[in-house]
Amino acid sequence: MLALALIYSVFLHLIAASPIPGGNVNQVSLIKQWDTTGNQYPTVFMHGIFGFGEAKPLLGFINYWGGPTQNILQMLRQKGYTVAAPSMGPLSSNWERACEAYAQITGSLTDYGLVRSKQFGHKRFGLDHTGKPLVPGFMQKSSKIKINLVGHSMGGPTSRLLVHLLKFGSPQEMEACVRSKVVCSPLFWTNKTQSYVNGVFAISGVHQGSTFDDFLQSTGSFLNFFKQTILVIIGANNSNDLKLYDMQLGHWGLDQTSSESIDQYFERLQKSQWVNSKSTALFDLSVKALSDPLISFVQNAPETTYFSMAGIATSFDGRNSNPTGDMLIFLVPTAVIIGSYSNPSLPILTQTYSPMEWRQNDGLVMLASSRGPPSGFVSFSMNMQSENLVDLAVSAPKKQPAKGVYNFVGSWKGADHMAIVGGLDLVPGLRDNFYINIMALLASLSP
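In what follows, the accompanying structure is described. (Residues numbered from 1 in each chain as written. Predicted model: local features only at pLDDT ≥ 70, side-chain atom pairs only at ≥ 80, totals over all residues. Heavy atoms only, no water.)

Moving on, we get to the side chain of Ser195. On the secondary structure map, Ser195 appears in the loop between α7 (171-180) and β6 (197-203). A polar side-chain atom of Ser195 sits 3.2 Å from a polar atom in the side chain of Lys146. Not counting residues up to four positions away in its chain, the partners in contact with Ser195 are Lys146 and Glu303. (Helix = DSSP H or I, 4+ residues; strand = E, 2+ residues; numbered from the N terminus. Polar contact = N/O pair within 3.5 Å; in protein donor to acceptor, adjacent residues only side chain to side chain. Contact = heavy atoms within 4.5 Å.)

The next thing to look at is the sheet that holds strand β5 (residues 147-152). Sheets are built from strands paired through backbone hydrogen bonds, the pairs being either parallel or antiparallel. The strand order across the open sheet formed by seven strands is β2-β1-β5-β6-β7-β11-β10, and the pairing between neighbours is parallel. On the outer flanks of this sheet lie β2 (83-84) and β10 (377-379), each paired with one strand and no other. Sheet strands in contact with helix α6 (residues 155-168) are β1 (43-46), β5, β6, β7 (305-312) and β11 (406-413), and its direction is about 150 degrees off that of β5. (Pairing = 2+ DSSP bridges. Axes fitted to C-alpha atoms, helices over the stretch in contact; angles between N-to-C directions.)

Secondary-structure assignment places Asn383 in the loop between β10 and α17 (389-395). Here Asn383 falls in the partly exposed class, since its relative accessible area comes to 33%. Residues Asn383 and Gly410, spaced 27 residues apart in sequence, show a C-alpha to C-alpha distance of 8.4 Å. Apart from residues lying up to four places away in sequence, Asn383 is in contact with Leu392, Ser395 and Asn437. (Buried < 20%, exposed > 50% of the residue type's maximum accessible area, 1.4 Å probe, protein only.)

The backbone of Lys181 shows a phi angle near 55 degrees, a positive value even though the residue is not glycine. Assignment of secondary structure puts Lys181 in the loop between α7 and β6. Unlike most non-glycine residues, Gln248 shows phi in positive territory, near 50 degrees. By secondary structure assignment, the location of Gln248 is in the loop between α9 (222-238) and α10 (262-271).

Enumeration over the complete set of coordinates arrives at eight salt bridges. Taking the shortest distance from any N to any O, the salt bridge between Glu54 and Arg77 comes out at 2.7 Å. Pair noted here: Glu54 is in the loop between β1 and α3 (72-78) and Arg77 is in helix α3, with a separation of 23 residues, a long-range link. Residue class for Glu54 comes out partly exposed when judged on its relative accessible area of 23%. What makes Arg77 partly exposed here is its relative accessible area of 29%. In this structure, the salt-bridge partner of Lys271 is Glu267, at a minimum N-O distance of 3.0 Å. With a gap of four residues between them, Lys271 and Glu267 both fall in helix α10, about one helical turn apart. (Salt bridge = Lys/Arg side-chain N within 4 Å of Asp/Glu carboxyl O.)

If you want it as structure tokens, here you go:
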């Protein structure tokens, strides 16, 4: 099914038209309504599972943010915004992805932490981005630069963890560095004197796991799904060459060698200690893992304003949720699984949420998960698809939303997990207003 999606993407690329302009960069309406000075902080876009950064589009032309017919990030730059999109391990844990994003944002050596690397038996350091910061000046001495974050799918919880580390650091990593008399990454410092992330917007974020992940693990079908997905993505990407799709597992000793075929590479992955460890996306994104200390330690930062939004492309019949005609065909099987999934060993599904909340989904993520982490959320509705910023302001709260808690702004009905990032849009520009409104919202927050 993923192979069909890639073929369809190539077809769309061949018939693509020029991007359609939309929106307006003037945030005066929200700024006036919330009585703020606004901000012009750079915004970093965080991709999800199986994703990739802006520098290396899939097949050389399929953008994570916009698909084959458009580049949403470039559209936003043309509107006057400063944006960047790092590339993180497509199947790595949130911890590793946060470390990788930080290194690219700051232009530094990727440091996974002394404690973490010893715990899982991989190298402490990864790729070196020294001298190539995506956000020049960020976290430099005397610099007051902050960033905003926009995360899709796993990019939601990765953003939350990055904010946590930028605010609170890691006492365990700091103590280990002191004991070992080695330099600790500033990401882990616990004595930070300012906040570094002003606002976060999570799009279909997997904040409380996905029951599809738990289904794969409980049925023993995880490895087969993993294999088929990897073979399709890597195989369609560049034959036996991973230069265009980097798994970023070098610190595990799992880079593909020049003499290694895709099948041979996968066989090595399948036999590695990594695949069954608690340092993978598949572990982090399961509902079952929510209470694990590797996941549950993450807190919201009190100075950061968080937003979340869900995509919904199913219809709830009172018992199960079924895919609507809006859903991409290759997401239908996963939507059906989530829409009917039950597991008595996961009390959060029966004691915390109603069947509607954990069965309504976008093909990969349930509504309850997209709204925010287990610590909770506040809810209000905003017209994030509005065609102008006046309408956006009219739909917004009269006061600036609360900091330190997820503000759920509603669901996009008819938007599945890929459509919400323009993954297979036939006509470019369909998502422009949505992303312009996200930028306007973040830029209207007090610094």
